[in-house]
Amino acid sequence: MKRSWGVLGPVLVGLVAAQLGLAAAARTPVPTLLDLSLGTGRWSWGFGDGEEPLPATFRWSRARAGLELPLDAGASPEGRLEVRAARFVDSPARIEVWVNGVVFGHFEARPGGFKRHSLSAPVPAGPLTIELRSDDPERGVALDWVRLSEVPLAIPWRVPWAHVGPAALGGALALAGAGPALAAAAALGAALALAAFAAWTPFATAHALATAGAVSTASLLLVATGVRLARAPAGLVALFALSLAIKSAALFHPSYFYPDARQNHRLVHVLADAEGGGLEERTRAMQERLNVAYPRIVAGQPYAFPYSAVFYLPFTAIESGEEIVRAIAATALIAAALECLATYALALPLLGRAGGLLAAAVSLLLPPLQSRLLYAMWSTVAGHLLDVLAVLALMAWLRRPGPLRLALLWAAAQAALLTYVSSLLNMGALCVAALAALWLARRERADDGRPLGGRLAWQAVAAFGLAAVVAIGLLYSRFVILFVTEIVPALLAGGGVAPDAGAPVAAPGLADAVLRVGRFAGPLAAALAVAGWWRLLAAGRSGAPRVALLAYLLAFAVLVALRGLGGGLFRDLKEVEFAAPLLAIGAAASLDAVARRGRAGLAAAVVLGVGLVVAFGRAWLLFFERHTPLAGL
């Protein structure tokens, strides 16, 4: 009974606090922007397909079109409505606006670009609906956004995850082993944060939770169960929840738009329809039709840079383009959020539990995965996580070599190679680096006393080699043949690599490739990471974890060298994202070392930690502003 109350108590605290907070948030009317963007089509009806004349996105209304929003409106004696729309035809149209089932006003949409139309009228209470009725049955207006003000808005139980999210966090923490008081405090804090966001931007809060709340809650409970079974710190659950919240802030914002994001559902549709005998032929047909990584000009000849469509195959069962985008984006969200758990597992043997938690905390804020990858290149995010899992599999196998763990290493490398084309180079570099690290550590031993190096090195080569042969045979055989027989000879003969336009691409140079890491992570994080790894490598620790992470570092160095010295051929490498856990572990090692130097050291570590948060926060805000444009505001 006591154990049950330990879980039930935080759940009840989160549930009650969420209701009180959301009720308080709904008392004060705030101007609310209702944006028609990539992800908000689920709330609309009667509109044509979206169009994307950057930086705006809009949809054509037909004779009757409307929004049925995940919000409840309170009665208002004089609500205000602002409509930003255009009419790209020669004749005007009369647009009648209805709000919550009653006429709100009308305006005349004249031919021309985007204009704002302001209306005001009483608003009755009820589920928030906005309808546009046009005297043009085919093309009413090209609607960009609607702004509603002077109307109190509440998030109803139609969005259940807004009401049960804090309770789920409290229950997950308790399930993972946190004390009832700590779990209840976390649930209360989550409820307060939710109320603050609901008061500030109710539609964005409701939309994000309605879109990603279910998958986030389910993944949170699964992670809590895994943490409990592994007897890992319950703090990992809180970090995973925070990672979900941070990474979904812009990704599932209703005004989020990144041009390449819509490409994901086009890839799925074209892949499903592509003709060809095998996956490689279908992938090439998809690339040529959508101009994805095609053509790449080498010595004047067009080539289709190899692409993996495996990531998109499961989504071919979904018909709706917007549903495809939401499903793939949710998959990328979970993959990106899991990064902190993988970082903890990598850091644990070298830094212990506290240091591992610190590394996980740094990783969930690192800018590299908050670049355009998270906002559009969702197969890359999933492939990056699989790369990191392959490093973890290498570490686990080196600690206790055996057939089962070697098979797991092969499976992890195989999954990465099939999911993400850059893993061909990432895993190849890791294989070469593992050979070098095992040779350097040939006198060290695994946890069971077995010597590292020698036979283990060739077993690793066999595992990586088998994975590469399977991936190349299924996906890249034609390109590999062209690479060996045409591209390499052309490059050796002096033929350059050019982009689609055919302009020469200057090689970035090794110095620029190294400095690129600092530009992505920020100078403070990069400096802390370098200092931390210098300390870890100089500490003289032996054993499989150090060998595996040394291989990871060497693989990163190989990738940086390829970018800097490859003559532009490897300009699409994602070496910075590949190294994100390394940056987090190095920075955590520096902060941990500083914090151990008495009170002054602890204070300095806090200052450095705050500096990291501020630097990362600025990068996040930059990405948020860049990829949630509100045209005309």
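These numbers come from a predicted model, not from an experiment.

1. Description of the overall build of the protein
Argument step 1. In terms of helices and strands, the protein carries 20 helices and 13 strands.
Argument step 2. Residues classed as buried in the protein amount to 53% of the 633 residues present.
Argument step 3. Taking the intrachain contacts of the protein between residues at least 6 apart in sequence as the baseline, contacts between residues at least 24 apart amount to 77%.
Argument step 4. Here the protein displays about 26700 Å² of accessible surface, and carbon together with sulfur accounts for 64% of that area.

2. Here's the deal with the pairing of strand 1 (residues 32-35)
Argument step 1. The two faces of strand 1 match: Thr32 and Leu34 on one face and Leu33 and Asp35 on the other face are all buried.
Argument step 2. Relative to strand 9 (residues 142-149), strand 1 is paired through 4 bridges, and the arrangement is antiparallel. The residue of strand 9 that forms the bridge with Thr32 is Leu148.

3. Description of a nonpolar patch on the surface
Argument step 1. Taken together, the side chains of Trp410, Leu466, Val470 and Leu474 present a nonpolar region at the surface, about 330 Å² in accessible area.
Argument step 2. The biggest single contributor to the nonpolar patch is helix 14 (residues 455-492), with 3 residues.
Argument step 3. Along the polypeptide, Val470 turns up in helix 14.

4. Focus on the side chain of Ser248
Argument step 1. For Ser248, the position within the fold is in helix 5 (residues 235-251).
Argument step 2. Residues in contact with Ser248, not counting those within four places in the same chain, are His253 and Leu333.

5. Examining the packing of aromatic side chains
Argument step 1. Inspection of every chain in the model, using the stated rule, returns 9 aromatic pairs.
Argument step 2. Taking the centre distance of 5.9 Å and the plane angle of 45° together, the rings of Phe197 and Trp200 count as tilted. Highlighted residues: Phe197 and Trp200, both in helix 3 (residues 180-200), separated by 3 residues, approximately one helical turn.
Argument step 3. In this structure Phe197 comes out as partly exposed when scored by relative accessible area, which is 45%.
Argument step 4. For Trp200, a relative accessible area of 60% corresponds to the exposed category.
Argument step 5. Aromatic pair Phe311 and Tyr312: ring centres 5.3 Å apart, planes at 85°, arrangement edge-to-face. As far as the burial class goes, Phe311 and Tyr312 line up, both buried.
Argument step 6. An aromatic cluster is built from Phe58, Trp60, Phe88 and Phe114, whose rings are joined through pairwise contacts.
Argument step 7. The cationic tip of Arg133 hangs over the ring face of Trp98; the distance from NZ or CZ to the ring centre is 3.7 Å.

6. Regarding unusual backbone geometry
Argument step 1. Unlike most non-glycine residues, Asn100 shows phi in positive territory, near 50°.
Argument step 2. Inspection of the secondary structure assignment puts Asn100 in the loop between strand 5 (93-99) and strand 6 (102-109).
Argument step 3. Here the phi dihedral of Glu150 falls at roughly 65°; this positive angle occurs in a residue that is not glycine.
Argument step 4. Mapped onto the elements of the fold, Glu150 is located in the loop between strand 9 and strand 10 (153-154).
Argument step 5. Glu150 sits in the partly exposed class, given a relative accessible area of 45%.

7. Some points on the environment of Glu281
Argument step 1. Residue position: Glu281 is located in helix 7 (residues 279-290).
Argument step 2. Here the alpha-carbon distance between Glu281 and Arg478, two residues 197 residues apart in the chain, equals 9.3 Å.

8. A word on the confidence of the model for the protein
Argument step 1. Averaged over every residue, the pLDDT of the protein is 84; the share at 70 or more is 90%.
Argument step 2. Counted against residues more than four places away or in other chains, residues 500-505, with its pLDDT under 50, gives 9 contacts.

9. Some details on the environment of Ala230
Argument step 1. Structurally, the position occupied by Ala230 is in helix 4 (residues 202-230).
Argument step 2. The exposed category is assigned to Ala230, whose relative accessible area is 57%.
Argument step 3. Taking C-alpha positions, Ala230 is 9.5 Å from Ala176, a pair spaced 54 residues apart along the chain.

Cut-offs used in this document
- Residues numbered from 1 in each chain as written.
- Predicted model: local features only at pLDDT ≥ 70, side-chain atom pairs only at ≥ 80, totals over all residues.
- Heavy atoms only, no water.
- Helix = DSSP H or I, 4+ residues; strand = E, 2+ residues; numbered from the N terminus.
- Buried < 20%, exposed > 50% of the residue type's maximum accessible area, 1.4 Å probe, protein only.
- Contact = heavy atoms within 4.5 Å.
- Areas by Shrake-Rupley, 256 points an atom, 1.4 Å probe, with all protein chains shown as cover.
- Pairing = 2+ DSSP bridges.
- Patch = residues over 30% accessible without salt bridge, like charges linked within 9 Å, V, L, I, M, F, W, Y side chains within 5 Å.
- Salt bridge = Lys/Arg side-chain N within 4 Å of Asp/Glu carboxyl O.
- Phe/Tyr/Trp six-rings, centres within 6.5 Å; stacked < 30°, edge-to-face > 60°.
- Lys NZ or Arg CZ within 6 Å of the ring centre and 35° of its normal.
- pLDDT = per-residue confidence, 0-100.

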